[in-house]
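# Coordinate inspection notes
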Amino acid sequence: MFTLAHLSDPHLPLPPPRLGELINKRVTGYINWRHRRRFVHDAETLVKIVADLKAQAPDHIAVTGDIANIALEEEFVSGRKWLQELGSLHDVSFVPGNHDAYVRQAVRYAPQWAPYMSSDDGAAGFPYLRRRGKLALIGLSTAVATPLFMATGRLGEAQCARLGEILTTLEQEKRFRVVLIHHPPVSRAKRHKLLSDAAEFKRIIAAHGAELVLHGHDHLHMLNWLHGPNGSRVPAVGVPSASAAFGTTKNDAAYNLYAIDGAPEAWCCEMISRGTNFAGTIMQQRRLKLFG
Ligand SMILES: [Fe+2]
Ligand SMILES: [Fe+2]
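Residues numbered from 1 in each chain as written. Chains lettered and ligands numbered in written order. Predicted model: local features only at pLDDT ≥ 70, side-chain atom pairs only at ≥ 80, totals over all residues. Heavy atoms only, no water.

## A short note on the overall build of the chain
The following threshold applies: Helix and strand definitions here come from DSSP, where helices need a minimum of 4 consecutive H or I residues and strands a minimum of 2 consecutive E residues; each element is numbered from the N-terminal end. Atoms counted for the radius of gyration: C-alpha only. Globule rule: 2.2 Å times residue count to the power 0.38. Whether a residue is buried, partly exposed or exposed follows from its accessible area with a 1.4 Å probe, protein chains only, as a fraction of its type maximum: under 20%, in between, or over 50%, in that order. Should any heavy atoms of two residues lie within 4.5 Å, those residues are considered in contact. Surface accessibility follows the Shrake-Rupley procedure with a 1.4 Å probe radius. Residue values consider only the protein chains on display as shielding.
In terms of helices and strands, the chain carries 5 helices and 12 strands. In terms of C-alpha radius of gyration, the chain reaches 18 Å, essentially the compact-globule figure of 19 Å for 292 residues. Relative to its 292 residues, the chain shows a buried fraction of 54%. Across the chain, contacts joining residues at least 24 apart in sequence account for 68% of those joining residues at least 6 apart. When the accessible surface of the chain is summed, it comes to about 13,000 Å², and 54% of that surface belongs to carbon and sulfur atoms.

Here's what the structure looks like:
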């Protein structure tokens, strides 16, 4: 059996910006953090979530984006430290979110996190591909710098084309295919927060299949079933922010654990959600057999 943990949207505490860093969209982002978001994302809650996750000793940890808030250089430094404390390069896979690409300048700092977003052969770029036991993790990037008040994501044609090829190869290898993506392929969020090429992503999944799609971004527990090939269904599962302070948002901080076993045509996959309660302790909240 393989245990995969999934957490998302930690939104680490925002360090004070340096003179000259508050440019463009970062100005409104910083005001938003000072007035609202710093009360929603709680560092202590995140520490508890990570400690509980580590105590479950998963075989691998998937992080689906938004470590940062306004993508300051210092956020990439603290993000690197946080990833290192979470686990080794071999055992942690990360895909970026819109807050990690908040402004175009953020790409300069991306090398800080690159080792957690590279393929097994060390190649950079998306999709990346990591094989772990029976599993294959395919990491996508929907993180693009967007105009003011926009939080959309985009895969783009090149990434979509490569995704289809990879899914087919992995099917031939009889792998359990886990797709990591920040923006949900199905969402009830407002238009300015959506994945702009979600229809293309769903078309690829319908044509080539996958066993599991994991996402963040909406900061909610979500489960949507996508069409797969030959009438099959593919679960797309989202988790709340791992740092959501209790009672401040619709869904409190949580993470998911997947117990994966079996073989092609007969995979078993059970999901357990663990999250905070009113007393600030982490406990099991839900157990759900996705298939098998
Ligand atoms: Fe987020
Ligand atoms: Fe996001």
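More follows now that the structure is in view.
## Digging into the packing of aromatic side chains
Rule in force here: Put simply, two rings from Phe, Tyr or Trp (the six-membered ring, in Trp's case) pair if the centres are within 6.5 Å, and we call them stacked under 30 degrees between planes, edge-to-face over 60, tilted for the rest. Two conditions define a charge sitting above a ring: the NZ of Lys or the CZ of Arg must be within 6 Å of the ring centre, and it must be within 35 degrees of the ring normal.
This model, assessed by the stated rule, comprises 6 aromatic pairs. Among the aromatic residues, ring-to-ring pairing joins F76, F94, Y109 and W113 into one connected group. Over the ring of Y102 we find K25, and its NZ or CZ is 4.5 Å from the ring centre. The ring of W225 has R233 lying over it, and the distance from NZ or CZ to the ring centre is 4.2 Å.

## Focus: the pattern of salt bridges
Counted only if it meets this: For this analysis, a salt bridge means a side-chain nitrogen from Lys or Arg found within 4 Å of a carboxyl oxygen belonging to Asp or Glu.
One pass over the full model with this rule turns up 10 salt bridges. With a shortest N-O distance of 2.8 Å, D120 and R132 are connected by a salt bridge. Note that D120 is positioned in the loop between strand 3 (92-94) and strand 4 (128-132) and R132 in strand 4, a separation of 12 residues in sequence. The exposure class assigned to D120 is partly exposed, which follows from its relative accessible area of 42%. Judged by its relative accessible area of 8%, R132 falls in the buried class. In this structure, R131 engages E173 in a salt bridge whose closest nitrogen and oxygen atoms are separated by 2.8 Å. Of this pair, R131 sits in strand 4 while E173 sits in the loop between helix 4 (157-172) and strand 6 (176-180), and the two are 42 residues apart along the sequence. Of the residues examined, E173 reaches a relative accessible area of 31% and is grouped as partly exposed. Linked through salt bridges whose partners overlap, the residues forming this network are R131, E173 and R175.

## Quick notes on the coordination of the iron ion (ligand 2)
Definition in use: Nitrogen, oxygen and sulfur within 2.8 Å of a metal are treated as its donors, or within 3.2 Å for sodium, potassium and calcium (Na, K, Ca); water is not counted, so a site can appear incomplete. The rule is simple: four donors are tetrahedral if all their angles sit between 85 and 135 degrees, four are square planar and six octahedral if opposite donors span more than 155 degrees and the others lie between 65 and 115, and anything that fits none of that is irregular.
Taken together, D66 (OD), N98 (OD1), H182 (NE2) and H217 (ND1) make up the protein donors of the iron ion (ligand 2), found 2.1 to 2.3 Å from the metal. In this structure, the iron ion (ligand 2) is surrounded by 4 donor atoms whose angles at the metal cover 88 to 163°, and the resulting shape is irregular. In primary sequence terms, the donor set of the iron ion (ligand 2) follows D-x31-N-x83-H-x34-H. A separation of 3.5 Å is found between the iron ion (ligand 2) and the iron ion (ligand 1), which share D66 as a coordinating residue. Placement of D66 in the loop between strand 2 (60-63) and helix 3 (73-86) and of H217 in the loop between strand 7 (212-215) and strand 8 (222-227) is noted, with a sequence separation of 151 residues between them.

## Some details on the sheet that holds strand 5 (residues 135-139)
Our working definition: We treat two strands as partners when DSSP finds at least two bridges between them. The axes used here are C-alpha line fits, helices contributing only the stretch in contact, and every angle between their N-to-C directions lies in the interval 0 to 180 degrees.
On the basis of which strands lie adjacent, the open sheet formed by 6 strands has the order 4-5-6-7-9-8 and mixed pairing. At either margin of the open sheet sits one strand with a lone partner, and together these are strand 4 and strand 8. Averaged over all adjacent pairs, the angle separating strand axes in this sheet is 20°, with direction ignored. Where strand 6 meets strand 7, 3 bridges bridge the pair, whose relative direction is parallel. Residue pairing across strands places V179 opposite V213, the latter belonging to strand 7. Along the sheet, helix 4 makes contact with strand 4, strand 5 and strand 6, crossing strand 5 at roughly 180°. Where helix 5 (residues 198-208) meets the sheet, its contacts fall on strand 6, strand 7, strand 8 and strand 9 (233-238), and the angle it forms with strand 8 comes to roughly 60°.

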